[in-house]
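Listed here are the chains, written in short residue letters.
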Amino acid sequence: MSTKVKPYKDSDLNKKQQVTKMFDTISKEYDGLNRVISFGIDIKWRNKVVDIVTKQQPVKVLDIATGTGDLAITLTKSGAKEIIGLDISDGMLEVGRKKVAAKNLDNVISMVLGDSESLPFQDNTFDAITVAFGVRNFENLEQGLSEILRVLKPNGVFVILETSVPTQTPFKQGYKFYTKYILPTIGRVFSKDQSAYAYLSESASVFPYGEALNNILRKIGFIDVSNKPQTFGAATIYTASKK
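Quantities reported herein were computed from a predicted structural model and do not represent experimental measurements.

Calculation rules
Residues numbered from 1 in each chain as written. Predicted model: local features only at pLDDT ≥ 70, side-chain atom pairs only at ≥ 80, totals over all residues. Heavy atoms only, no water. Pairing = 2+ DSSP bridges. Helix = DSSP H or I, 4+ residues; strand = E, 2+ residues; numbered from the N terminus. Axes fitted to C-alpha atoms, helices over the stretch in contact; angles between N-to-C directions. Contact = heavy atoms within 4.5 Å. Salt bridge = Lys/Arg side-chain N within 4 Å of Asp/Glu carboxyl O. Buried < 20%, exposed > 50% of the residue type's maximum accessible area, 1.4 Å probe, protein only. Phe/Tyr/Trp six-rings, centres within 6.5 Å; stacked < 30°, edge-to-face > 60°. Lys NZ or Arg CZ within 6 Å of the ring centre and 35° of its normal.

Points about the sheet that holds strand β7 (residues 235-241)
Right, so step 1: The seven strands lie next to each other as β3-β2-β1-β4-β5-β7-β6, forming an open sheet whose pairing is mixed. Each of the sheet's edge strands pairs with one partner strand only, and the pair in question is β3 (109-113) and β6 (223-230). Pairwise comparison of adjacent strand axes, ignoring direction, gives a mean angle of 15° for this sheet.
Right, so step 2: Sheet analysis places strand β4 (residues 126-132) next to strand β5 (residues 152-163), joined by six bridges and oriented parallel. Note that in β5 the partner of Ala132 across the bridge is Leu161.
Right, so step 3: Where helix α5 (residues 141-151) meets the sheet, its contacts fall on β1 (60-64), β4 and β5, and the angle it forms with β5 comes to roughly 145°.

Okay, structure coming up:
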């Protein structure tokens, strides 16, 4: 199980409340800083997630922790007729709604305020469910994954895109230096919330990845669990299904 890291160490709020506050605060700067921090490689990773979902020929897709809607918008390439982007931060969703409207995708994408650990949907609703850079922000990881399993249709596909830690030299050392020193510095210089990018770095370093996360998915009840490291292991794409 992951170590519980919170954005604001001196706050009495629980992790979920702190994460909501953090993303509300950085919502307007998030897209630009995210491109800088990832060198734009996150776009390539998201496209790979969409390729996996497209093979499912989905009609209805749920994108959890949708943030400003980058993945939800890209998922329109999958041919899905309905895409729901869900997030606990209304600030992030508001940015996403403007992006969706600008692309005239309101008839396909709905941006919904909601909690991943108590999903407002019936059992067996979605052909595909995605989470990009969001599972490590769950207050209760197993509860969130159980809810995802509940609303996923049998034989549906669940895809996670999440940061991970490279294991091979010299990428391991380079990644550690970048996340410990460079990423927080970028956050301090360019962000209104200096704690946010330190949290994003720290939470990535302690979150279970690879076979550790695979085993948690299997424990919850997912089948056909697999993972594929991306860009020397800086991120990993996980796929799973439901009986």
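Regarding the pattern of salt bridges
Right, so step 1: Evaluation of the coordinates by the stated rule reveals 17 salt bridges.
Right, so step 2: Between Arg35 and Asp70 there is a salt bridge, and its shortest N-O distance comes to 3.1 Å. With Arg35 in helix α1 (residues 15-38) and Asp70 in helix α3 (residues 70-74), this pair connects stretches of sequence that are 35 residues apart.
Right, so step 3: With its nearest N and O atoms 3.0 Å apart, the salt bridge here joins Glu142 to Lys219. With a gap of 77 residues between them, Glu142 in helix α5 and Lys219 in helix α8 (residues 211-220) connect regions that are remote in the sequence.
Right, so step 4: Look at Glu142 and you get partly exposed, because its relative accessible area is 21%.

A short note on the packing of aromatic side chains
Right, so step 1: A full pass over the atoms with the stated rule returns seven aromatic pairs.
Right, so step 2: Aromatic pair Phe39 and Tyr178: ring centres 5.8 Å apart, planes at 40°, arrangement tilted. Here Phe39, found in the loop between α1 and α2 (41-54), pairs with Tyr178, found in helix α6 (residues 171-190); they are 139 residues apart in sequence, far enough to count as distant.
Right, so step 3: Accessibility expressed as a relative area gives 62% for Phe39, which makes it exposed.
Right, so step 4: Centre to centre, the rings of Phe121 and Phe126 are 5.0 Å apart; their planes meet at 90°, and the pair counts as edge-to-face.
Right, so step 5: Classification of Phe126 by relative accessible area gives buried; the value is 0%.
Right, so step 6: Note that Lys21 overlies the ring of Tyr8, its terminal NZ or CZ placed 4.9 Å from the centroid.

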